[in-house]
Amino acid sequence: MRVRPNVFQAMMEDLPQAVMVTTADGMVLWCNAAARSLCEKARPDTAPPAEASAPAPRTAFETVAADAHDALRDMIARALGTPETASAHCRCTSAVTGPTGRPRWLDWSAAPVDWEGVRAARLIGVDVTADVDANRDERLLREALDSIPDALVLFDTDDTVLFYNKAYRDFFWYMPPLEDMRGRPFEDVVRRSMAPPRVVADPLAHSDPDAYIAKRRRRLHTPSPEPFELFTAEGRWHLVRERRTPEGRFIGIRSDITDRKRVEERLSELVKELAESNRELEQFAYVASHDLQEPLRMVTSYLQLLQRRYAGKLDDTADEFIRHAVDGGARMQRLIQDLLDYSRIGRGKRPPAPVSMAAVLQQVLRNLSVATADGGATVTVPGPESLPLVLADQGELVRLFQNIIGNALKYRHPERPPVVAVSVTPEADGWCISVADNGIGIEEAHYDRIFMIFQRLHGRESYAGTGIGLAIAKKIVDRHGGRIWVESQAGEGSSFHVVLPAAAAGEDDMPVTMARR
C-alpha cells in the first residue's frame, strides 16, 4: 500500500489510537500525537514539532516498556516479511504509566506500507488498559474464591449460571468447568445432579424429575433467610446459606461441616456418658455413706458403752485401745456425714434466684456465734446497703461462707485473736465476696490442694476436721458458675475470694425481702 505522507498525517494526527510508521529496525518515520504521548521522556537534542505537545520518539521501542522491546521488534519483522494483506499483533505495556499509576496496555498491530518509496511498517496501538485491568481483577477474584473451602454458586437474574468456584465443583463432582456452564440455565445444573450414577437424597428426583426441578427452582426464588443444615446422599453434612442480591441474583454457599458434626456427636455422647457416670458416683456416695451410718452407729455405741462401763477396770493398755476405737468411730461418723453433705450439693437442683448477701452473712454469723465468742474473734461485714444481690441457692451460700469463715476462726494464729473481714467488689462477671483473716496462712504450693476432698495440711491433733469443708465450698461455687481462689502468706493470714453471678436488674426480689425479715 502506497501512502501519501501529507494525506496520511492529516488523517491520523488526531486519532485516539497511537499510529507510527517505522523502518524495519524500528526507526520512526512519522507518528501521531497519541504515539508521542507514549514516550517516557523527550530526546534532549531534538525539539518537539510545533504542532505536538510531546516530542516524537526516535524509535518505536521508546513507546513501550523495556521488557516489551523483543515482542515489538518481532512484530515489525513478521509484518514486513509477509504480503501486504497480512499483519502481525502483540500486546505490551507502554513506557509511561496511566492516570492510576499502573502501566498502560496497548494492542499493537503492524502492516507493511510504502512510505515515500521506502518499505516501512505501519503500527497502530489501541489502548486496552481497561480490559486488561478488568480481566486481571476478575482473575484475582476468581483465584481468591477458588482458594476458599466453601462452595459458592451465583445465578443471574434470568436463572443462568454466572459463576461457581472450585469447591463447588469438588462438592458437586458432576459439574464441568465453569467455562462450559457459564450462561447455561438453572435446569442444566439440576439435571446434571440427577443423571446416573449420581444419587439424590430427595425421592422426588426419582419419582417425578420435573416436579423435583420445579421444587429446586422455587428454592432458587425463595432462599432461606436463615442458614440450615443438610444431610446429603453421600453421607455428608452441609451448612447452607442462601440469599438474593439487591439486583435479584441468587447466591448459594455451602460449607462441609461433617467433621464438626461428628465431633459434636461424639462430644454429646461423652457428655451423656459423663453425666451418667456422675449420677452413678453421686448415687453410690449417697447410698454408701447413708447405709454405712447404721452399722457404724451400732459399733460406736457399743464401744462407748465399753469405755463407760469398763474404764479403770482393765489395764491401761486396754483403756488406750478402747479410747482409740471410740475416737476412730467418731471420726468415721464425721467423715460419712461430710461425704453425705458433699454428695447432696446440687441434688435438689433448685433454680437459682436473687439472694441477698446481707441475709446470707447474717445467717452465717448466727450459726458461728458460739465459735466466734469462744475464740474472742472479731468478724466485720459491710452494711446491708453495701451488700449485693446474687443469683444463687441461699441455703448453699450459707454453707459456703460458713465453711470459709469457720475455717478462718479455726485456723487461728496462736499468738493473736482471730480477725475476719468480709468485703465486696464488683467484677465483670458478677460480684466478688472476699473473706480475709489473720490466721496461720497457707503456703502457695498448697493453694490447689486445699480445695480437694479429704485433703488436710495439718494433723488432727492440731486442728480438728475431715478436710472436706473447702471441697464443699468449691463444689457449691462451681455449681453456680462462679470462681473461688485463695491468696495467702504463711504466718500472716489468708484471703479467700468468691465470684458469684449478679442478679439481673428488675428480677423478682421476693426471696430477698423474706430473707431480711
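Residues numbered from 1 in each chain as written. Predicted model: local features only at pLDDT ≥ 70, side-chain atom pairs only at ≥ 80, totals over all residues. Heavy atoms only, no water.

K.L.:
Looking at this structure, how should I read the environment of Gly26?
P.N.:
You can see Gly26 is positioned in the loop between strand 2 (18–22) and strand 3 (28–31). Residues Gly26 and Glu62, spaced 36 residues apart in sequence, show a C-alpha to C-alpha distance of 9.7 Å. Those residues in contact with Gly26, other than ones at most four positions away along the chain, are Arg58, Thr59, Ala60, Phe61 and Ile76. (Helix = DSSP H or I, 4+ residues; strand = E, 2+ residues; numbered from the N terminus. Contact = heavy atoms within 4.5 Å.)

K.L.:
I tried to follow the sheet that holds strand 8 (residues 161–164) on my own but got confused; where do I start?
P.N.:
What holds strands together in a sheet is hydrogen bonding between their backbones, with the strands either parallel or antiparallel. Taken in spatial order, the five strands of this open sheet run 8-7-11-10-9, and their pairing is antiparallel. The sheet is open, and its two borders are formed by strand 8 and strand 9 (228–231), each paired with just one other strand. Across the sheet, the mean angle separating the axes of adjacent strands is 25° when strand polarity is ignored. Alignment of strand 10 (residues 237–244) against strand 11 (residues 250–256), held across seven bridges, turns out to be antiparallel. Pairing of Val240 across the sheet is with Arg254, part of strand 11. (Pairing = 2+ DSSP bridges. Axes fitted to C-alpha atoms, helices over the stretch in contact; angles between N-to-C directions.)

K.L.:
Please clarify how the nonpolar core should be interpreted in this entry.
P.N.:
Here is a general trend for soluble globular proteins: nonpolar side chains tend to be buried in one another's company. The biggest cluster of nonpolar side chains holds 41 residues, and the ones touching the most others in it are Met357, Leu397, Leu400 and Phe401. Among the elements of the structure, helix 12 (357–367), strand 14 (389–392), helix 14 (394–410), strand 15 (419–427), strand 16 (430–437), helix 15 (469–479), strand 17 (483–489) and strand 18 (493–500) are those that each provide at least two residues to this core. In terms of residues, this core owes the most to one element, helix 14, which gives eight residues. Apart from residues no more than four positions distant in its own chain, Met357 is found in contact with Leu387, Pro388, Val390, Leu397, Phe401 and Ile433. Among the nonpolar cores identified, the runner-up in size contains 25 residues, and Val161, Tyr164, Ala167 and Tyr212 belong to it. (Core = buried A, V, L, I, M, F, W, Y, C linked by side-chain atoms within 4.5 Å. Buried < 20%, exposed > 50% of the residue type's maximum accessible area, 1.4 Å probe, protein only.)

K.L.:
Looking at this structure, how should I read the pattern of salt bridges?
P.N.:
Pairing between side chains becomes possible if they bear opposite charge and their charged atoms approach one another. Per the counting criterion, the structure on display carries 23 salt bridges. Measuring nitrogen to oxygen at the nearest pair gives 2.0 Å for the salt bridge that ties Arg217 to Glu187. Here Arg217 is found in helix 9 (residues 209–221), whereas its partner Glu187 is found in helix 7 (residues 186–194), with 30 residues between them in sequence. The class for Arg217 is partly exposed, based on a relative accessible area of 24%. Between Lys474 and Asp478 there is a salt bridge whose closest N-O contact spans 2.8 Å. Linking Lys474 with Asp478, this pair stays in helix 15, spanning four residues, or about one helical turn. Looking at Lys474, the relative accessible area reads 31%, which means it is partly exposed. In this structure Asp478 comes out as partly exposed when scored by relative accessible area, which is 42%. One connected set of salt bridges, linked through shared partners, spans Asp159, Glu187, Arg217 and Arg244. (Salt bridge = Lys/Arg side-chain N within 4 Å of Asp/Glu carboxyl O.)

K.L.:
Can you help me understand helix 14 in this one?
P.N.:
Since the α-helix packs 3.6 residues into each turn, any two residues three or four apart lie on the same face. Between the first and last C-alpha of helix 14 there are 24 Å, a value that for 17 residues agrees with the 24 Å anticipated at 1.5 Å per step. A large share of helix 14 lies buried, amounting to 12 of its 17 residues. When helix 14 is considered as a whole, its buried residues turn out to be Glu396, Leu397, Val398, Leu400, Phe401, Asn403, Ile404, Ile405, Gly406, Asn407, Ala408 and Leu409. The opening residue of helix 14 is Asp393, an N-cap whose side-chain oxygen sits 3.0 Å from the backbone nitrogen of Gly395. (Expected span 1.5 Å × (residues − 1). Polar contact = N/O pair within 3.5 Å; in protein donor to acceptor, adjacent residues only side chain to side chain.)

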